[in-house]
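Here are the chains, one letter per residue:
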Amino acid sequence: MSHPFKNTGWNQSLNAQSSTKKETLGALRVTADGRKFRYAKAGEALACGKNGLLADAVANHIKQVQTAYGASAGATRVPILVGATAVTADQYADGYLQIYDGAAANVGHQYLIKSNTACDASGVTYLELDEPLVYAIAATDTISLIPNPFSSITQQASLAHGLGGVVPITVTSAYYFWMQTGGVANALNGG
């Protein structure tokens, strides 16, 4: 695996934001006093002290049969047919390829995605996987693309998304930061 656990040597301080990605999305960081933080990317401008909501899966990117597409065992570059919603470049970086149905040996497998290409609605995105496929993906297999939950943090008025934690600094849209997910935090919940 290329993402080992580490407890020192972080590339970005807890109170900084960055326009460039410096850690794996979702990486866990624990401070000496027990507070926990996850590395995240802002999906919009974020206010300090308010709740951060997690990214949702795209309905047209889950449970998709791979009609006429597949990949060989051992492949790390994999073509994936998506439904009627376009895919942006690296939308699924640090997210997951999950296999739901098809060849019995493949069902239940999950792979970490390094990067992906953009594609139009009902098109094909090419994934670069963190590790090779254990079994071939057949044209009849059903797959899902699951975003990393920390890939597009928002602060929408309704809790349509899962609560991820507290945003500890003001963050510019599309910037990377550490979101607090455990321990004592200053969470502004009123108004």
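Because the structure is predicted, anything quoted here is derived from the model rather than measured.

Participant: What's the story with the sheet that holds strand β9 (residues 142-146) in this structure? I'm lost.
Facilitator: To summarise the sheet geometry, strands pair through backbone hydrogen bonds and adopt either a parallel or an antiparallel arrangement. The sheet built from 6 strands is open, its strands ordered β4-β9-β6-β7-β8-β5 with antiparallel pairing. Looking along the sheet, the strands with just one partner apiece sit at the ends: β4 (64-65) and β5 (77-81). Direction of pairing for β5 relative to strand β8 (residues 124-129): antiparallel, over a ladder of 5 bridges. Bridge pairing in β8 places Leu81 opposite Val124.

Participant: What should I look at first to understand the pattern of salt bridges in this one?
Facilitator: Where side chains of opposite charge bring their charged atoms close, a pairing between them can arise. Counted under the stated rule, the structure contains 3 salt bridges. A salt bridge links Lys21 to Asp94; the shortest N-O distance between them is 2.5 Å. Taken together, the residues span a long stretch of sequence, with Lys21 in the segment before β1 (28-30) and Asp94 in the loop between β5 and β6 (96-101) at a distance of 73 residues. By relative accessible area, which is 3% here, Asp94 ends up buried. With its nearest N and O atoms 3.4 Å apart, the salt bridge here joins Arg77 to Glu128. On the criterion of sequence distance, the pair formed by Arg77 in strand β5 and Glu128 in strand β8 is long-range, its members being 51 residues apart.

Participant: How should the packing of aromatic side chains be read in this particular structure?
Facilitator: Here a ring pair, both rings aromatic, is described through the centre-centre distance and the interplanar angle of the planes. What the rule picks out here adds up to 3 aromatic pairs. Pairwise contacts between aromatic rings join Trp10, Tyr39, Tyr176 and Trp178 into one cluster.

Participant: Would you mind showing me how to read the pairing of β6 here?
Facilitator: On a regular strand, each side chain points to the face opposite its neighbour's, so the side chains alternate between the two faces of the sheet. Where β6 and strand β7 (residues 110-116) come together, 3 bridges link them in antiparallel fashion. Bridge pairing links Gln98 to Gln110 in β7. As defined by bridge partners, β6 adjoins β9 across 5 bridges and the pair is classed as antiparallel. Paired with Leu97 across the bridge in β9 is Leu145.

Participant: What is the right way to look at the pairing of β7 in this model?
Facilitator: Direction of pairing for β7 relative to β8: antiparallel, over a ladder of 3 bridges. In the sheet register, Ile113 faces β8, and the bridge partner there is Leu129.

Participant: In this structure, what is going on with the confidence of the model for the chain? I would like to understand it.
Facilitator: Interpretation of the predicted coordinates at a detailed level should be avoided for regions scoring low in pLDDT. Of all residues in the chain, 93% attain a pLDDT of 70 or more, and the chain-wide mean is 91. β8 holds the highest mean pLDDT among the elements of the chain, 98, whereas strand β10 (residues 163-166) holds the lowest, 91.

Participant: For this particular structure, what's the right way to read the nonpolar core?
Facilitator: Nonpolar side chains in soluble globular proteins generally cluster together in the buried interior. Formed by 18 residues in total, the largest nonpolar core has its most connected members in Ile80, Leu97, Leu129, Leu133 and Leu145. Within the residue set of this core, elements represented by two or more residues are β5, β6, β7, β8 and β9. Counting residues in hydrophobic clusters, the runner-up holds 11 residues, among them Ala40, Ala42, Val167 and Ile169.

Calculation notes
- Residues numbered from 1 in each chain as written.
- Predicted model: local features only at pLDDT ≥ 70, side-chain atom pairs only at ≥ 80, totals over all residues.
- Heavy atoms only, no water.
- Pairing = 2+ DSSP bridges.
- Helix = DSSP H or I, 4+ residues; strand = E, 2+ residues; numbered from the N terminus.
- Salt bridge = Lys/Arg side-chain N within 4 Å of Asp/Glu carboxyl O.
- Buried < 20%, exposed > 50% of the residue type's maximum accessible area, 1.4 Å probe, protein only.
- Phe/Tyr/Trp six-rings, centres within 6.5 Å; stacked < 30°, edge-to-face > 60°.
- pLDDT = per-residue confidence, 0-100.
- Core = buried A, V, L, I, M, F, W, Y, C linked by side-chain atoms within 4.5 Å.

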